[in-house]
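Survey of secondary and tertiary structure
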Amino acid sequence: MENPSFTTIDGSGSTLSPQEKQDEQFMQMTYTLIYMSFSGFVMSIIYMAFNYVYEQIRRKLTCSITISSNDDIYKIILDYLSSKGLLSSSMTQLKCQLKKKGWTWWWNRSKEENQKPEVEYLPGPGNHFFTYNGKKMWAVQSEGETLMTGWEKKPTKQELLYIMCYGTDTAPLRQLVEDAINVSQEKDTSLVNIYQVHRWGGSWEKCQQKRPRALNSVVLDSGIADNIIQDINKFLGSGEWYQSKGVPYRRGYLLYGPPGTGKTSFVQAVAGACNLNICYLNLSGGNMDDDGLNTLLNNSPLRSIILLEDIDAIFVDRTSVQGKMMERQQVTFSGLLNALDGVRSQEGRILMMTTNHREKLDPALLRPGRADVHVELNYASEKQMKGLFQKFFPDEAEEKAQEFANQLPEYKLNMAKLQGHFLKYKSDIQGAIENAKSLLDVDYQIKDMSISEWLRRLNMLQYAPKFRKESGIKRVSDLKYIGEGDLTAYGMTAMIDRKRIMGMISGDEDCKILFALQTQSQARTVLHAFLTSEADIEELLTIIGDEQITGWQLRDILDENKNFEVIKKKLRNKIIQNQLVKQGKIKDEDEKDDKKEEEEKKKKKDFPQENIEAMLKSISLTECIAKMKEAEIADPDVFFELDDATLITCLGIETEGKKFRFKEKMKEVKEKHEKLKAKKEQDDISEIVGDAFEKIQKKLSVIY
Ligand SMILES: Nc1ncnc2c1ncn2[C@@H]1O[C@H](COP(=O)(O)OP(=O)(O)OP(=O)(O)O)[C@@H](O)[C@H]1O
């Protein structure tokens, strides 16, 4: 019997039913999967075994170091290898990045803004083969894990550098690292490192290295630079003393004086001379609050100066100016004081603050412990003018420098202005001397003028007391924030007067011409606008003489009076008034006030040093005098600011009896001082008589 033939649905002729066929396919797939997994497993075992063997052989035959880009050494080694040309042969894959740029000295800022950004090339990822000290080495740079950094959670790829060499001795590799560090240190010590606050706040980042400014390139009066350098070096060498006495190891310097007198330049030069870094602290910058400031001040890089510039511009009435304007979180004044008092810093902290207006600073900021040494950098003295001349023209005879300086008044010009003049005539020494007087141009003089002199020239001297006494405006530079509205508050009701002032403040050219002392020819022009008779004009010009009256004074007299005889009389009066002020017979109110301030400062020193010594002797503590001097607290301003406990430590008073005697004496002396101070204040109040303008008027009416 013939086998019945089955025809499958798909017509393949298979004898399996569809279900069986499906099962068979499933089995086949399962076998394949098992086979593949097994071979994968075997492969990975082989791979791991190979790796293990390779690693073992590598370890036996080679040694290596691994450096992560998180560490500063990473860049030091890459720079070193690149600078030695060790990577050049294999450097086909380069990494390019903008050279890190940070804070720059202000006079370089505008220059740098226009400059092309600088780029630096670093070896890119890959293998680099080189020979170092005769040893073959292999550097592998690879990308590591990605870390989220900063408050922005910015993904930052970490990089790793492996350096390998044959053999099991790691000495050649360590030598390479050592050499790289030495070279970087050599570079570091000849340069000043500039640090700025990291943009995320809370830490310092090195942003620049600068060749230090030579100390003698900042021309100062004798002794200033030497004293500061000595003081800093002494401070840096007295760590143990501070520690043993339990006194916070820190020193603060306040450099004050008009703009352009070298405060910032001096800090830069001091840093170079004392081998210190500079940490530029900008309190008005982005993410800074009291805690952040505290952390920064207590964790500054070793051997560094913390530079806080224009401190008067940061806080007004203990309120942060920037914070007020931007309505954002800022360092508070008390936060600054607390941070300055911080005691965590063990390595010694040098703080340098600069200001144009020491008088505006809160006394709390000025006290010893925060600003221990105050240094005034003033307008140029004759010695400084000659000194700067000789810096620019070193081959010229000293007489030339003298000839230059003879033409200029002392303490009127800042060094920045003189520097600008020498730069202008750098290849024309004769021009520099002949044009010395151009430094005294009106614009420049105006800025530094006392407010009384300025108002006198505007023929508005009657407002001087309002400006000076009620608003505390002493110099023209104090006027910069004044608006027309403020002038009404100073009693200036006439719009025409307000316009004159505003015209001058905004630098209106016509105002400036009338502000200048008139030469004969300029005066003639003004007179011609008011008078027709040539004879009258000549008569008035004879009275005016040379440069005695300003255009405003002349114009007002002519404006207000039509009678020639009255004009003549008023003109004569004005000129005599001007001359008297010029000759100092009627003292300029500002000068008088400045002198008074000086006297007050002297009076304030109620405790001359000898008195402290006498006081110590009187209570049989003579042995403490030497300790007091050693601790540099002999200055009465310092001594009487310290509390009894600190004084007892500094003076090394040990027995209870002596401590008691000392405390009792201090109490007695301080009480005496308070009484003396109260009496002086009373005397001062009774000394105040009238105002300057009235005095001038009185003197004039006696003369006429
Ligand atoms: N005493 C000086 N000797 C040499 N150059 C000086 C001196 N003072 C200022 N200069 C020059 O004037 C310029 C400005 O100086 P610097 O910034 O140091 O003045 P400053 O007193 O800090 O001014 P500000 O108060 O406006 O900050 C610099 O280029 C500097 O070289």
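Residues numbered from 1 in each chain as written. Predicted model: local features only at pLDDT ≥ 70, side-chain atom pairs only at ≥ 80, totals over all residues. Heavy atoms only, no water.

This part covers the overall build of the protein chain. When helices and strands are tallied, the protein chain shows 32 helices and 15 strands. Of the contacts formed within the protein chain by residues at least 6 apart in sequence, a portion of 69% connects residues at least 24 apart. When the accessible surface of the protein chain is summed, it comes to about 40600 Å², and 53% of that surface belongs to carbon and sulfur atoms. (Helix = DSSP H or I, 4+ residues; strand = E, 2+ residues; numbered from the N terminus. Contact = heavy atoms within 4.5 Å. Areas by Shrake-Rupley, 256 points an atom, 1.4 Å probe, with all protein chains shown as cover.)

On to the sheet that holds strand β11 (residues 304–308), then. Read from one edge of the open sheet, seven strands run β8-β7-β10-β11-β14-β9-β15, paired in mixed fashion. The two strands at the open ends of the sheet, each matched to only one other strand, are β8 (204–210) and β15 (373–376). The mean angle between the axes of side-by-side strands here comes to 25°, regardless of whether they run parallel or antiparallel. The sheet contact formed by strand β7 (residues 192–197) and β8 spans six bridges and is antiparallel. Across the sheet, residue Gln196 finds its bridge partner in β8, namely Glu205. Strands β9 (250–256), β14 (349–355) and β15 of the sheet are contacted by helix α5 (residues 224–236), whose axis makes an angle of about 165° with β9. In the packing of helix α10 (residues 333–341) onto the sheet, the strands contacted are β9, β11 and β14, and the crossing angle to β14 comes to about 145°. (Pairing = 2+ DSSP bridges. Axes fitted to C-alpha atoms, helices over the stretch in contact; angles between N-to-C directions.)

Let us look at the site of the ligand. In the vicinity of the ligand there are 18 residues, among which Val219, Lys263, Thr264, Ser265 and Gln419 approach most closely. Within the side chain of Arg213, one N or O atom sits 3.0 Å away from an oxygen atom of the ligand. Between the ligand and Gly260 there is a distance of 2.9 Å, counted from an oxygen atom to a backbone nitrogen or oxygen. Look at the ligand: alone it shows 620 Å² of surface, and the protein chains cover 92% of it. Elements represented by at least two residues in the shell around the ligand include exactly α7 (263–273) and α14 (415–424). (Near = heavy atom within 4 Å. Polar contact = N/O pair within 3.5 Å; in protein donor to acceptor, adjacent residues only side chain to side chain.)

As a packed pair, helix α12 (residues 382–392) and α14 sit with axes 10 Å apart at the nearest point and diverge in direction by 35°. For the crossing formed where α12 meets α14, the hand is right-handed. Of the residues in α14, those touching α12 at Gln384, Met385, Leu388, Phe389 and Phe392 are Met415, Leu418, Gln419, Phe422 and Leu423. Split by residue class, the contact of α12 with α14 holds eight nonpolar, two polar and no charged. (Left-handed = near helix turned anticlockwise from the far one by under 90°. Nonpolar A, V, L, I, M, F, W, Y, C, P; charged D, E, K, R; others polar.)

What follows covers the confidence of the model for the protein chain. The predicted model of the protein chain averages 78 in pLDDT, with 77% of residues at 70 or higher. Mean pLDDT across the elements of the protein chain bottoms out in helix α32 (residues 692–703) (39) and peaks in α12 (95). Across residues 1–10, confidence stays below pLDDT 50; counting only partners more than four residues off in sequence or on other chains, it has three contacts. Taken over the whole predicted complex, pTM reads 0.51, whereas the ipTM for its chain interfaces reads 0.98. (pLDDT = per-residue confidence, 0-100.)

When the UniProt feature table is mapped onto this chain numbering, "transmembrane region" (unreviewed entry) sits at residues 33–54. In this annotation, residues 33–54 is assigned 100% helix and 0% strand; the end-to-end C-alpha distance for the span is 31 Å. (UniProt positions renumbered as here; feature names shortened; annotations may be inferred.)

Attention shifts here to the packing of aromatic side chains. Applying the stated rule across the entire model yields twelve aromatic pairs. Aromatic pair Phe389 and Phe422: ring centres 5.7 Å apart, planes at 80°, arrangement edge-to-face. Here Phe389 is found in helix α12, whereas its partner Phe422 is found in helix α14, with 33 residues between them in sequence. On the basis of relative accessibility, which here comes to 0%, the residue Phe389 falls in the buried class. Between Phe393 and Phe422, the aromatic rings sit 6.0 Å apart at their centres with planes inclined by 90°, giving edge-to-face as the arrangement. Remark: Phe422 occurs in helix α14 and Phe393 occurs in the loop between α12 and α13 (398–406); sequence separation between them is 29 residues. With relative accessibility at 7%, the residue Phe393 sits in the buried group. Residue Phe422 is classed as buried on the basis of its relative accessible area of 0%. One Lys or Arg, Arg358, reaches over the ring of Tyr256 and ends 4.0 Å from the middle of that ring. (Phe/Tyr/Trp six-rings, centres within 6.5 Å; stacked < 30°, edge-to-face > 60°. Buried < 20%, exposed > 50% of the residue type's maximum accessible area, 1.4 Å probe, protein only. Lys NZ or Arg CZ within 6 Å of the ring centre and 35° of its normal.)

With that settled, consider the side chain of Ser68. Within the secondary structure layout, Ser68 lies in strand β1 (residues 62–68). Excluding residues that lie within four positions of it along the chain, Ser68 makes contacts with Tyr74, Gln158, Glu159 and Leu160.

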